[in-house]
Amino acid sequence: MERRPRSRAGERRTGAIERHLENKNALVTGASRGIGRAVSVRLAARGARVACVATSAENCAETVLACKQAGGEAAAFGVDVADTSAVADLVSRVVEEFGGLDVLVNNAGITRDQLLLRMTEEDYDRVLDVNLKGTWNFLKAAARPLMKSHGRIVNVTSVVGITGNAGQANYAASKAGVIGLTRSLAKELSGRGVSVNAVAPGYIETDMTADIGEKAASELAAAIPLGRIGGTEDIASAIDFLVGPGGSYVTGQTLVVDGGLSL
Ligand code: NAP
């Protein structure tokens, strides 16, 4: 009798994790900490070999170790995602060393929050350069190898890119831009076998949100319909879905993962 594949319930019962990314190569930006670290480790646990990218390779050393402990392979790379030619060189290097690319997660991002009247041109430009152009740089550099593998792309945006937020005009513009990139490239690349989706986190506990303060954090948690601030694993789960078998017929979408914050 043919053996049936293990069910999701079986996965929960045994604690085993389906290795649906066995022999696949993934590149995750912003992998040194926060959401990118959790995504890297999750993809490694699925069996992927992960290129962990941050501003320096040293910053990703701990993530690489965690990926290996999770049962995958990983290597660390450093680049400024806003530097177009450096990103092109880096992607070529990863594709050559790994022998191809199947999954790209554009996650690196920064904030430089300020009300409009106080926001400097430099604050505006840098946030757009890292968050939006940085995403475009990797999309451009990785498009051909991803077409070859019929790969998957996930861009990390934010609910703020949908709702807007006072004091975050630069950040919201960059994240709205990422949604536009995602939808346009889904139309361009889906015919070439590449799906392109976005994940929009709400409020997730990482270094980016660390200085909010305890009182504001508990007020925020109370305002979130699901009653808690998100964790990095919540975003890793959504990305895991989009790059896994369950996400194979999804493209051009923005999956909001915010506990209902933006409702
Ligand atoms: P984080 O903890 O601050 O980590 C940011 C990551 O991006 C780090 O790995 C950092 O590398 C990397 N990075 C920043 N600038 C870079 C550059 N110029 N070149 C290369 N790498 C760069 O952030 P996070 O909270 O995990 O956020 C990850 C993504 O989720 C971001 O796009 C963010 O906008 C989005 N997001 C976060 C939240 C939230 O509540 N946390 C909500 C919505 C959306 P280094 O360690 O080397 O600096």
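Each chain has its residues counted from 1, running along the sequence as written. Two thresholds apply to this predicted model, a pLDDT of at least 70 for residue-level local features and 80 or more for giving and counting side-chain atom pairs, whereas whole-chain, interface and lining totals are computed over all residues. Note that the side-chain values use all heavy atoms of the structure and ignore hydrogens as well as water.

**Concerning the sheet that holds strand β6 (residues 195-201)**
Each pair of strands is called paired provided DSSP finds at least two bridges between the two strands. Going along the chain from the N terminus, every DSSP run of H or I of four or more residues is numbered as a helix, and every run of E of two or more is numbered as a strand. The parallel open sheet is built from seven strands, whose spatial order is β3-β2-β1-β4-β5-β6-β7. What marks the edges here is a single partner per strand, and that holds for β3 (73-78) and β7 (254-257). Strand after strand, the sheet turns through a mean of 15 degrees between neighbouring axes, direction not considered. With five bridges joining them, strand β1 (residues 25-29) and strand β2 (residues 49-54) adopt parallel strand pairing. Bridge pairing links T29 to V53 in β2. Running at roughly 160 degrees to β6, helix α7 (residues 169-189) makes contact with β5 (152-156), β6 and β7 of the sheet. Whenever a helix is involved, its axis is fitted only over the stretch in contact; in every case the axis is a line through C-alpha atoms, and angles between N-to-C directions fall within 0 to 180 degrees. The criterion used for residue contact is that any of the two residues' heavy atoms lie within 4.5 Å.

**Looking at the packing of aromatic side chains**
Note on aromatic pairs: each is described by the distance of the centres and the angle between the planes. Pairing of aromatic rings covers Phe, Tyr and the six-membered ring of Trp, with a centre-to-centre limit of 6.5 Å; geometry is then stacked below 30 degrees between planes, edge-to-face above 60, and tilted otherwise. Scanning the entire structure with this criterion turns up one aromatic pair. For the ring pair F77 and F98, a centre distance of 6.4 Å and an interplane angle of 65 degrees mean the geometry is edge-to-face. Of this pair, F77 sits in strand β3 while F98 sits in helix α4 (residues 84-98), and the two are 21 residues apart along the sequence. Classification of F77 by relative accessible area gives buried; the value is 2%. A simple rule labels every residue: compare its accessible area, found with a 1.4 Å probe on the protein chains alone, to the largest value its type can have, and call it buried under 20%, exposed over 50%, or partly exposed in between.

**Section: the site of the ligand**
By convention in this text, a residue qualifies as near a molecule or strand provided that one of its non-hydrogen atoms is within 4 Å of it. Surrounding the ligand, one finds 31 residues, the nearest of these being S32, T55, N59, Y171 and T206. At 2.9 Å from a nitrogen atom of the ligand is found a side-chain nitrogen or oxygen belonging to D80. The accessible surface values rely on the Shrake-Rupley method and a 1.4 Å probe; as for residues, cover is taken only from the protein chains in view. In isolation the ligand has 900 Å² of accessible area, and contact with the protein removes 94% of it. The set of elements that each furnish at least two residues to the shell around the ligand consists of α2 (34-45), α5 (121-149) and α7. By the criterion applied in these results, polar contacts are pairs of N or O atoms within 3.5 Å in which, for protein atoms, one can donate a hydrogen and the other can accept it, and in which residues neighboring in sequence qualify only through two side-chain atoms.

**With respect to the pattern of salt bridges**
Each salt bridge in this description consists of a side-chain nitrogen of Lys or Arg and a carboxyl oxygen of Asp or Glu lying within 4 Å of one another. A complete count under the given rule lists 12 salt bridges for this structure. Here E62 ties to R37 by a salt bridge, and the two come within 2.9 Å at their closest N and O atoms. Of this pair, E62 sits in helix α3 (residues 61-69) while R37 sits in helix α2, and the two are 25 residues apart along the sequence. Judged by relative accessible area, E62 falls into the partly exposed class, the value being 45%. Among the ionic pairs, E233 bridges to R42, the shortest N-O distance being 2.9 Å. Here the residue E233 occupies a position in helix α9 (residues 232-243), and R42 occupies one in helix α2, the gap between them amounting to 191 residues. Through salt bridges that share partners, R42, R46, E233 and D240 make up one connected network.

**With respect to α3**
Listing the buried residues of α3 in full gives T63, V64, A66 and C67. Viewed along the axis of α3, the buried residues span an arc of 165 degrees, placing them on a single side of the element. Residues of α3 that are exposed and point more than 90 degrees away from the buried face comprise L65 and Q69. Check the buried side of α3 and you find it contacts α2, β2 and β3. Positive phi shows up at G71, right after α3, with a value of about 105 degrees. Arc definition: directions from the helix axis to the C-beta atoms.

Geometric values such as these leave the question of function open.
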